[in-house]
Amino acid sequence: MEKAETPLQHVQANIAAACRIARREPEEVTLIAVSKMHPAEAIEPVLGEGQRHFGENRVQEAQGKWPALREAYPAVQLHLIGQLQSNKAEDAVALFDAIHSLDRPSLVKALGKAMDKSGQRVPCFIQVDVGEEDQKGGCPVAELPALIEQARQADIPLAGLMCLPPQDIEPAPFFAFLDKLARDHGLEGRSMGMSGDYETAIKLGATHVRVGTALFGARPAAG
Ligand SMILES: *Cc1c(COP(=O)(O)O)cnc(C)c1O
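So, how was this worked out
Residues numbered from 1 in each chain as written. Predicted model: local features only at pLDDT ≥ 70, side-chain atom pairs only at ≥ 80, totals over all residues. Heavy atoms only, no water. Salt bridge = Lys/Arg side-chain N within 4 Å of Asp/Glu carboxyl O. Buried < 20%, exposed > 50% of the residue type's maximum accessible area, 1.4 Å probe, protein only. Helix = DSSP H or I, 4+ residues; strand = E, 2+ residues; numbered from the N terminus. Pairing = 2+ DSSP bridges. Right-handed = clockwise from strand over helix to strand, strands pointing away. 1 Å grid on protein atoms, 1.4 Å probe; cavity = no way out; pocket = protein on both sides within 12 Å on 5 of 7 lines; lining within 4 Å. Points joined across faces, edges and corners; volume = space filled by probe spheres on them. Nonpolar A, V, L, I, M, F, W, Y, C, P; charged D, E, K, R; others polar. Near = heavy atom within 4 Å. Polar contact = N/O pair within 3.5 Å; in protein donor to acceptor, adjacent residues only side chain to side chain. Areas by Shrake-Rupley, 256 points an atom, 1.4 Å probe, with all protein chains shown as cover. Sits in = over half its atoms within 2 Å of the grid points. Core = buried A, V, L, I, M, F, W, Y, C linked by side-chain atoms within 4.5 Å. Contact = heavy atoms within 4.5 Å.

1. What about the pattern of salt bridges?
Pairing between side chains of opposite charge can happen when the charged atoms of each approach one another.
Okay, step 1: In total, this model carries 11 salt bridges according to the counting rule given.
Okay, step 2: For Lys 65, the salt bridge goes to Glu 56, with nearest N and O atoms at 2.9 Å.
Okay, step 3: The buried category is assigned to Glu 56, whose relative accessible area is 0%.
Okay, step 4: Members of the salt-bridge network, linked through shared partners, are Glu 56, Glu 61 and Lys 65.

2. Quick word on the pairing of strand β5 (residues 124–127)
Remember that side chains alternate between the two faces of the sheet whenever the strand is regular.
Okay, step 1: Going residue by residue along β5, you find Cys 124 and Ile 126 tucked away on one face and Phe 125 and Gln 127 tucked away on the opposite face as well.
Okay, step 2: The sheet contact formed by strand β4 (residues 98–102) and β5 spans 2 bridges and is parallel. From the neighbouring strand, Ile 99 faces β5, where its bridge partner is Cys 124.
Okay, step 3: In this fold, the crossover linking β4 to β5 by way of helix α5 (residues 105–118) has right-handed handedness.
Okay, step 4: Bridge analysis of β5 against strand β6 (residues 158–162) gives 4 bridges, and the strand direction is parallel. Residue Cys 124 lies in a different strand from β6, and its bridge partner there is Leu 158.
Okay, step 5: In this fold, β5 hands off to helix α6 (residues 144–153), which returns the chain to β6; that crossover is right-handed.

3. Concerning the layout of surface pockets
Okay, step 1: Roughly 630 Å³ of internal volume is contained in the largest pocket.
Okay, step 2: Lining the largest pocket are 28 residues, with Lys 36, Leu 164, Gln 167, Met 194 and Arg 210 positioned closest to its centre.
Okay, step 3: Grouping the constituent residues of the lining of the largest pocket by class yields 11 nonpolar, 11 polar and 6 charged.
Okay, step 4: A volume near 160 Å³ is recorded for the second largest pocket.
Okay, step 5: Around the second largest pocket sit Asn 57, Arg 58, Val 59, Gln 60, Leu 80, Gln 83, Leu 84, Gln 85 and Lys 88, which together line it.
Okay, step 6: For the lining of the second largest pocket, the class distribution of residues is 3 nonpolar, 4 polar and 2 charged.

4. Here's the deal with the site of the ligand
Okay, step 1: Around the ligand sit Val 34, Lys 36, Ile 81, Met 162, Leu 164, Met 194, Ser 195, Arg 210, Val 211, Gly 212, Thr 213 and Arg 219, and those are all the residues in its vicinity.
Okay, step 2: Here an oxygen atom of the ligand sits 2.5 Å away from a polar atom, N or O, in the side chain of Ser 195.
Okay, step 3: Here an oxygen atom of the ligand sits 2.8 Å away from a polar atom, N or O, in the side chain of Arg 219.
Okay, step 4: Starting from 390 Å² of accessible surface for the ligand in isolation, the protein chains cover 89%.
Okay, step 5: For the ligand, the cavity whose grid points lie within 2 Å of the majority of its atoms is the largest pocket.
Okay, step 6: Each residue belonging to the shell around the ligand can be placed in one class, and the counts come to 6 nonpolar, 3 polar and 3 charged.

5. Thoughts on the nonpolar core
Okay, step 1: One finds Leu 102, Leu 111 and Ile 126 to be the most contacted residues of the largest nonpolar core, which totals 62 residues.
Okay, step 2: Looking at this core element by element, the count peaks at 6 residues for α5.
Okay, step 3: Ignoring any residue separated from it by four or fewer positions in sequence, one finds Leu 111 in contact with Leu 84, Ala 89, Val 93, Ile 99, Leu 102, Cys 124 and Ile 156.

6. What about the environment of Arg 24?
Okay, step 1: Mapped onto the secondary structure, Arg 24 falls in the loop between α1 (7–22) and β1 (30–34).
Okay, step 2: Take Arg 24: its relative accessible area is 14%, and that puts it in the buried class.
Okay, step 3: In sequence terms Arg 24 and Gly 48 are 24 residues apart; their C-alpha atoms lie 27 Å from each other.
Okay, step 4: Contacts of Arg 24, omitting those with residues within four sequence positions, involve Cys 19, Val 29, Ile 202, Gly 205, Ala 206 and Thr 207.
Okay, step 5: Side chain to side chain, Arg 24 and Glu 28 meet in a polar contact 3.1 Å long.

Everything listed here is a matter of geometry and, on its own, says nothing about what the molecule does.
In structure tokens:
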């Protein structure tokens, strides 16, 4: 009998299949395992399987969970995927290896200052509000060129663009749009695609997919 496939193996196989269809190399796509709201005991087996990129959406939660896990697995790369308050910029720069939610001038200022102070320059993705939804954060499309310029002036390394398309409608047009915006601005990274749509995102150029539920199961309810 064959050994049952783990969720990580399943997602990896789907990524490889999507890459084959898109004629891309699997190495072009970084799987970010979104471990927000899951305890260390749920994360450890996935670390044990070799996964090294993880995503969290809250600075404080990550500060509680990751220092100990990192001691055991020093090659871990932590991605901040949730909205960031300017007063947490220093903490975020100290803890994360990439920030996917840069979306406004005040945060450019705060992150630039935090990076100057720490001497660490953390690659950032600009989150773009592709669905024109206020509540999720993200830079309005019309303000993207100015924000890119401000980030460059502040010496913030720009890894690419990120989006979180509106729920319950076909995401493909939004992924294609983000891909085009990234191309227009000469940015390499496209952080797009979650559990329900990462294969679609890969076919449309995703370089980073952020997958939580498909790896860890449903998130525990907020306590
Ligand atoms: C929670 C979250 C994800 C992962 O969502 P799943 O549907 O559980 O895969 C991806 N990106 C962001 C920004 C998130 O907040």
